[in-house]
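# Results of the structural survey
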Amino acid sequence: ETTIISSRLLARITNIAVRSGDLVEQGQLLLELEKTDLLARAQQAREEILSVEARLTEARRSLERAEQLHKRGLIAIADRDAARANAASLEAKLGSARQALAEAETAVGYTEIRSPIAGRIVDRFAEPGDTASPGQKLLSLYNPFSLRVEAWVREELALSLRPGRQLEVELPGAARTLSAIV
């Protein structure tokens, strides 16, 4: 089980917590990317939510007044409809602002790259200060505890193989014979 670790963001690497040969656990922090601009974007989204919520509260009060005045015949239908449209527009803006915050917080989460599996760091392709781009190799990780053997088998023998069947596998290079499951 081999995994290439890469970034989902274009950002400067601020810290790499592992070196080649290190054993890591699943979920362990491997490296960190610069996140100041992403934190600022998340804070900006929070402030936008507060702004839209305040305007929406005022628009709802205006709509209530417009409904009451319309029932008494003191304002036109168009004015009441404009108050409804304003409140609906601000509700939509609030939803959009909340989505922007969720997106910004997700991006901040991508600045901490954690190990997807337990295993050993095989290669380190980057250093702190380098710029990581999406898909660029940063680390190579492999799990030495889940090895797989692939072999060509003659058709007449392959017909007798069934998933779950136990076989002996000889590894001449390691001078070992192991038990394997198809």
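Below you will find a few notes about this structure. Starting from 1, residues in each chain are numbered consecutively following that chain's sequence as written. Where local features are concerned, this predicted model is filtered to residues with pLDDT of at least 70; where side-chain atom pairs are given and counted, the filter is 80 or more; whole-chain, interface and lining totals use all residues. To get the side-chain values, take all heavy atoms of the structure and skip hydrogens and water.

## Points about the pairing of strand S2 (residues 11-16)
In this description, strands pair whenever DSSP reports at least two bridges between them. Helical segments are the DSSP runs of H or I of at least four residues, strand segments are the runs of E of at least two, and each set is numbered from the N terminus. Pairing geometry for S2 and strand S7 (residues 131-132), over two bridges, is antiparallel. Across the sheet, the residue bridging to Ala 11 is Ala 132, located in S7. Bridge count between S2 and strand S4 (residues 29-33): three bridges; the pairing is antiparallel. Residue pairing for S4: Ile 13 is matched across the bridge by Leu 33.

## Observations regarding the sheet that holds strand S8 (residues 137-142)
The four strands are arranged S1-S8-S6-S3 in an open sheet whose pairing can be described as antiparallel. Edge positions in the sheet fall to strand S1 (2-6) and strand S3 (23-24), since each has one partner strand and no second.

## Observations concerning unusual backbone geometry
Even without being a glycine, Ala 175 presents a positive backbone phi close to 55°. With respect to the secondary-structure elements, Ala 175 resides in the loop between strand S9 (166-171) and strand S10 (176-181).

## Section: helix H2 (residues 77-109)
A rise of 1.5 Å per residue sets the reference length of H2, with its 33 residues, at 48 Å; its end C-alpha atoms lie 48 Å apart and thus fit the reference within 8%. Per-residue accessibility, obtained with a 1.4 Å probe over protein chains only, is compared with the maximum for each type, and a residue is labelled buried under 20%, exposed over 50%, and partly exposed between these values. Taken together, the buried positions of H2 are Arg 80, Ala 83, Ala 87, Leu 90, Leu 94, Ala 97, Leu 101, Ala 104, Ala 107 and Val 108. In this description, contact between two residues means that some pair of their heavy atoms is separated by no more than 4.5 Å. Its buried side turned inward, H2 meets helix H1 (36-71) and strand S5 (112-114). What a helix should span is 1.5 Å times the count of its residues minus one.

Any functional reading would require information beyond the geometric quantities listed.
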